[in-house]
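Summary of the model geometry
Each chain, written out:
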Amino acid sequence: MSEENMTGERSARPAGFRSVLRTRLAAQRWVLVTALVIAASAQYARGLTPSWEIWIAFAVLVSAALLAPGRRPLMPRRLRGQPQAAMWPDAGMKHLADALPAPCFIVDQRGIVRYANAAARERFGAAHPGDPISFRLRTPALLEALDRVIAGEEAQRIGWSEKVPTEQWLEAYVAPIAPLASEGRAPRQPVTQRFILVTVQDLSDQHRLERMRADFVANASHELRTPLASLTGFVETLMGPAKDDPQARDRFLTIMMQQGERMRRLIDDLLSLSRVELKAHVQPNEIVDLAALLRHTCDTLKPLADELGVTINLSCPDGPCQVRGDRDELIEVIENLAENSLKYGASGKRVEIDLAPTGGEDEGPAAWVLGFRDHGPGIAPEHVPRLTERFYRADISASREMKGTGLGLAIVKHILTRHKARLEIESVPGQGALFSVRIPAAIPS
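Below or above, wherever it landed, is the structure these notes cover. (Residues numbered from 1 in each chain as written. Predicted model: local features only at pLDDT ≥ 70, side-chain atom pairs only at ≥ 80, totals over all residues. Heavy atoms only, no water.)

Side note on unusual backbone geometry
In the Ramachandran plot, Lys 349 falls in the positive-phi region, its phi being about 70 degrees despite a non-glycine side chain. Relative to the elements of secondary structure, Lys 349 occurs in the loop between helix 10 (327-344) and strand 9 (350-358). Of the residues examined, Lys 349 reaches a relative accessible area of 49% and is grouped as partly exposed. In this model, Lys 420 sits at a positive phi of 60 degrees, which is unusual for a non-glycine residue. Here Lys 420 shows up in the loop between helix 12 (408-418) and strand 11 (422-427). On the accessibility criterion, Lys 420 (55% relative accessible area) is exposed. (Helix = DSSP H or I, 4+ residues; strand = E, 2+ residues; numbered from the N terminus. Buried < 20%, exposed > 50% of the residue type's maximum accessible area, 1.4 Å probe, protein only.)

Observations concerning the environment of Ile 267
Residue placement: Ile 267 occurs in helix 7 (residues 246-278). Taking C-alpha positions, Ile 267 is 8.7 Å from Leu 224, a pair spaced 43 residues apart along the chain.

Structural notes on the sheet that holds strand 2 (residues 113-116)
Strand order in the open sheet formed by 5 strands is 2-1-5-4-3, and the pairing between neighbours is antiparallel. A single partner strand is all that each edge strand has here, and the edge strands are strand 2 and strand 3 (156-162). Ignoring strand direction, the axes of neighbouring strands in this sheet form an average angle of 20 degrees. Here 4 bridges tie strand 1 (residues 104-107) to strand 5 (residues 195-202), and the two strands are oriented antiparallel to one another. Residue pairing in the sheet places Ile 106 in a bridge with Leu 197 of strand 5. Taken strand by strand, helix 5 (residues 140-150) contacts strand 1, strand 3, strand 4 (168-177) and strand 5, and its axis lies near 170 degrees from that of strand 3. This element, helix 6 (residues 204-239), spans strand 4 and strand 5 of the sheet and lies at about 135 degrees to strand 4. (Pairing = 2+ DSSP bridges. Axes fitted to C-alpha atoms, helices over the stretch in contact; angles between N-to-C directions. Contact = heavy atoms within 4.5 Å.)

Quick word on the packing of helix 7 against helix 12
Two numbers describe how helix 7 lies on helix 12: the axes approach to 9 Å, and their chain directions differ by 15 degrees. Relative to helix 12, the element helix 7 lies roughly parallel. Helix 7 and helix 12 meet at a crossing whose hand is left-handed. Residues Asp 269, Ser 272, Leu 273, Val 276 and Glu 277 of helix 7 pack against Ala 410, Ile 411, His 414 and Ile 415 of helix 12. Here the contact of helix 7 with helix 12 is composed, by residue class, of 5 nonpolar, 2 polar and 2 charged. (Parallel < 35°, antiparallel > 145°, perpendicular 65-115°, else oblique. Left-handed = near helix turned anticlockwise from the far one by under 90°. Nonpolar A, V, L, I, M, F, W, Y, C, P; charged D, E, K, R; others polar.)

A look at the layout of surface pockets
Its volume calculated, the largest pocket comes out at about 1,200 Å³. Contributing to the lining of the largest pocket are 42 residues, with Asn 340, Lys 343, Tyr 344, Ser 399 and Gly 404 lying nearest its centre. For the lining of the largest pocket, the elements supplying multiple residues, two or more each, are helix 7, helix 10, helix 11 (396-401), helix 12 and strand 12 (433-440). For the lining of the largest pocket, the element with the most residues is helix 10, which contributes 8 residues. Across the lining of the largest pocket, the residue classes tally to 16 nonpolar, 12 polar and 14 charged. (1 Å grid on protein atoms, 1.4 Å probe; cavity = no way out; pocket = protein on both sides within 12 Å on 5 of 7 lines; lining within 4 Å. Points joined across faces, edges and corners; volume = space filled by probe spheres on them.)

A word on the pairing of strand 1
Alternating residues of strand 1 divide into Cys 104 and Ile 106 and Phe 105 and Val 107, and every residue in both groups is buried. The sheet contact formed by strand 1 and strand 2 spans 3 bridges and is antiparallel. Within strand 2, the residue paired with Ile 106 across the bridge is Tyr 115.

Here is the structure:
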């Protein structure tokens, strides 16, 4: 045994002996006090008054018991005899935990929290040193991994999902660490306490993106597969039974043209959505007159409105309405929203499109609000929050009848996000729908 360990044992024995001695003396005092109380009670029971000697002895013993120096709380058996500094992470270890952006706990070999960084306290609530980590992290898989690491196994990585209050996916990494060489311990002092590092990472956004990507591929494949199957079937028919039937051939060729146009529209929308996403984080700087774009688009859609029997009522300022934006993308937004109002609100026989300033002072408007109101059947409340999702349709049959791809509002949302604009949808079933775009006005230089 080294001289250092022997010295540590010799210095520890007197302190332990004194602690035990104090405990025994205190117990003996209270035993004597109890005996005096019993003796006084017995004299009262016999009708006698306790002697003054009993009262003096009682007062002395109670005073001695109450005024005796308190002893330190007993430590767990596995920590007795260890230096006090060895039971707590040193300053260097705490600084490393604070530098981590993810929630991080430092626990000892009993699963007791010794330190929690700011991210852990913010995410899981106040974790007081001395509390079991199970008070904050109650996942059985995580606690089992912690037990395995405490037992001496290698670092563990586990993942789990939670449904309350919202669906989220978390991953924890549990690894053993040793105290760093710093103040409070000599460089050659043996490590007597091992700590466990528990870090938790939120993977909810990654899982949602993966799910959206998988849904997008599945929906795009489904949308392309239907017209492709129709084209293949009609080609086979024309090459076989209908080869010499001019009337059937003309009818089938018309349907094939329609299906080919459907595939073209879908591919065009997919490419448009891809281009917008590539530039999602680059805000355009070109100054564009929104009123001029609105008048141009309404003139372009006039034939469609006449075909559907719908009147377009346009209201916008006579002067320029300047915003910073991409001209082609803003035209695409106006066309998509105006076409939706014309097609799905055709039963109302009129569509109101207006442009007005809002929130401005003497220097000019803070934003322009562009509204598209139809008087058609409206949209059920459960569909409104999901209308901007890719391939989502409130009415599938009506959408396909109107030659929709299910991507129009998704493209609108991404373009408006790039322009720092916002889309709001209001609808009451039976009373039509209102699509409002709020886009920041260009600040004059």
